[in-house]
Amino acid sequence: MDDTLNVTYVTLGGHVEVHKYRYLYFVIMFTIYILIICSNSVIVYLIWVHPNLHEPMYIFIAALLINSVLFSTTIYPKLLIDFLSDKQIITYQACLVQFHMFYSLGGSEFLLLAAMAYDRYVSICKPLQYPTIMSKTTISIFLVLAWILPASQVAVPAGLSAHKNLCSFVLKGFFCNNTVYKLQCVISREQIIHDMVILLNVALVPVLFILFTYTRIFVISYRSSKEVRKKAAQTCLPHLIVLTNFSCLCAFDVITVQLEADFPKTVRFIMTLQIVMYHPLFNPIMYGLKMKEIHKYLKRLFFPAKIK
């Protein structure tokens, strides 16, 4: 605690031998961060410049990729600074901002995937009504809600935590997730209930909606023509794979926090890395390779000589 400036500093104690491997860590994570920015930005650029990709499905994909870049930017710049610093510390206020951004953007991921699931449901199951239902106004509402709802809900526990008394100043992680609760002297029952409501609203309900929607799509597709089944597989499977990947990583986040005492520090460090490394890179790879139209424009961009 710095009494003069009234600033509370928290030590990020989740790093493993950072002084020994600081430059190796920095090079690896900096390379990954650049790859995340470039790979996601290229696909967003392609969707932006090609008018035939200005459809709801591709707009939601672009929003998802932008969200991945924002999600990564919440973690990587501070992480890279820490690798080169003698002390891995952060102010408690900045820690709460990172906590808020991490979980609000994570919730936005689930809500964007839910919007994409609804778009695919209307496209495949109600094709004649699709232009009317998925209008520009509907798309705009979905996008605004996907970012505003999680941000406003996660702001409450972040704001309440700002006024909590701290009994520990060492965070067992290398960024601020819900391990910040372990710093507080007391975690109230109201706080736990509110967090459960947030988890229900921005994660569990969207996941259940997505599973229900895709079940309906596959049932209707199975009863339809081969062309409809092919369309459903091409457009829905990438979304389901992305959902499964992100859900598993979120489960890792919960497990590493709730069972942190049972995990060796190195294992916890490696598991936490999965959350910030794999998913932001996985999204552009999945949509770039599996979405036919995007893949076509990627080939034209990088291999123009081979395209007749």
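Going by an unreviewed UniProt entry, the protein carries the name Olfactory receptor and comes from Larimichthys crocea. Under Sequence similarities (unreviewed entry), UniProt gives the following word-for-word description of the protein: "Belongs to the G-protein coupled receptor 1 family." In its Subcellular location (unreviewed entry) section, the UniProt record describing the protein reads: "Cell membrane".

### Side note on the overall build of the protein
Across its full length, the protein carries 9 helices and 3 strands. Taking the principal axes of its C-alpha atoms as reference, the protein extends roughly 65 × 50 × 35 Å. When each of the 308 residues of the protein is scored for burial, the buried share is 47%. When contacts within the protein are restricted to residue pairs at least 6 apart in sequence, those whose partners lie at least 24 apart make up 80%. Of the roughly 16,100 Å² of accessible surface on the protein, 68% is carried by carbon and sulfur atoms.

### Considering the packing of aromatic side chains
Under the criterion given, the structure shown has 14 aromatic pairs. Aromatic pair tyrosine 21 and tyrosine 25: ring centres 6.1 Å apart, planes at 50°, arrangement tilted. Here tyrosine 25 and tyrosine 21 lie together in helix H1 (residues 18-49), a separation of 4 residues that amounts to about one turn. By relative accessible area, which is 32% here, tyrosine 21 ends up partly exposed.

### Observations regarding the UniProt feature "transmembrane region" (unreviewed entry) in the protein
UniProt's feature table lists "transmembrane region" (unreviewed entry) at residues 23-48, 57-76, 96-118, 139-160, 198-219, 240-257 and 269-289, given in the numbering used throughout. Helix and strand shares over residues 269-289 are 100% and 0% respectively, and the end C-alpha atoms of the span are 30 Å apart.

### Topic: the pattern of salt bridges
Enumeration over the complete set of coordinates arrives at 4 salt bridges. Aspartate 119 is the salt-bridge partner of arginine 120, the closest N and O atoms lying 2.8 Å from each other. Summarising the burial analysis for this pair, arginine 120 and aspartate 119 share the class buried. Linking glutamate 293 and lysine 296 is a salt bridge whose minimum nitrogen-to-oxygen distance equals 3.1 Å. Pair noted here: glutamate 293 and lysine 296 are both in helix H9 (residues 292-302), with a separation of 3 residues, about one helical turn. Of the residues examined, glutamate 293 reaches a relative accessible area of 24% and is grouped as partly exposed.

### Some points on the state of the cysteines
Disulfide: a covalent bond formed between the sulfur atoms of two cysteine residues. Here the structure, examined in full by the defined rule, presents 2 disulfides. Here cysteine 95 pairs with cysteine 176 through a disulfide, and the sulfurs are 1.9 Å apart. One disulfide, between cysteine 95 and cysteine 176, carries an S-S torsion of -115° and so falls in the left-handed class. Highlighted residues: cysteine 95 in helix H3 (residues 92-125) and cysteine 176 in the loop between strand S3 (170-171) and helix H6 (189-223), separated in sequence by 81 residues. Judged on exposure class, the residue cysteine 95 and its partner cysteine 176 are both buried. The disulfide that involves cysteine 167 links it to cysteine 185, with 1.8 Å between the sulfurs. Looking along the S-S bond of the cysteine 167-cysteine 185 disulfide, the torsion reads about 105°, which is the right-handed sense. Of this pair, cysteine 167 sits in the loop between helix H5 (136-161) and S3 while cysteine 185 sits in the loop between S3 and H6, placing them 18 residues apart in sequence. Using a relative accessible area of 57% as the deciding quantity, one classes cysteine 167 as exposed.

### Considerations on a positive patch on the surface
A contiguous patch of positive charge on the surface is contributed by Lys226, Arg229, Lys230 and Lys292. At 3 residues, helix H7 (residues 226-258) tops the list of elements feeding residues into the positive patch. Following the sequence through the fold, lysine 226 ends up in helix H7. For lysine 226, a relative accessible area of 67% corresponds to the exposed category.

### A closer look at a nonpolar patch on the surface
Residues Ile187, Ile192, Met196, Leu199, Leu200, Leu204 and Val205 make up a contiguous nonpolar surface patch of roughly 590 Å² in combined accessible area. Looking at the secondary structure, you find isoleucine 187 in the loop between S3 and H6.

### Description of the side chain of arginine 22
Position of arginine 22 relative to the elements: it lies in helix H1. Comment: no salt bridge for buried arginine 22; closest opposite-charge side chain is aspartate 86, at 4.2 Å. For arginine 22, the side chain forms a polar contact with the main-chain oxygen of serine 85, separated by 3.1 Å. Those residues in contact with arginine 22, other than ones at most four positions away along the chain, are Phe83, Leu84, Ser85 and Asp86.

### Regarding unusual backbone geometry
Glycine aside, the phi torsion of most residues is negative, and most peptide linkages are trans. The backbone of glutamate 17 shows a phi angle near 50°, a positive value even though the residue is not glycine. Looking at where glutamate 17 falls in the secondary structure, it is placed in the loop between strand S1 (9-12) and H1.

Cut-off values and rules
- Residues numbered from 1 in each chain as written.
- Predicted model: local features only at pLDDT ≥ 70, side-chain atom pairs only at ≥ 80, totals over all residues.
- Heavy atoms only, no water.
- UniProt positions renumbered as here; feature names shortened; annotations may be inferred.
- Helix = DSSP H or I, 4+ residues; strand = E, 2+ residues; numbered from the N terminus.
- Buried < 20%, exposed > 50% of the residue type's maximum accessible area, 1.4 Å probe, protein only.
- Contact = heavy atoms within 4.5 Å.
- Areas by Shrake-Rupley, 256 points an atom, 1.4 Å probe, with all protein chains shown as cover.
- Phe/Tyr/Trp six-rings, centres within 6.5 Å; stacked < 30°, edge-to-face > 60°.
- Salt bridge = Lys/Arg side-chain N within 4 Å of Asp/Glu carboxyl O.
- Disulfide = S-S within 2.5 Å.
- Patch = residues over 30% accessible without salt bridge, like charges linked within 9 Å, V, L, I, M, F, W, Y side chains within 5 Å.
- Lys, Arg positive; Asp, Glu negative; His and termini not counted.
- Charge placed at Lys NZ, Arg CZ, Asp CG, Glu CD.
- Polar contact = N/O pair within 3.5 Å; in protein donor to acceptor, adjacent residues only side chain to side chain.

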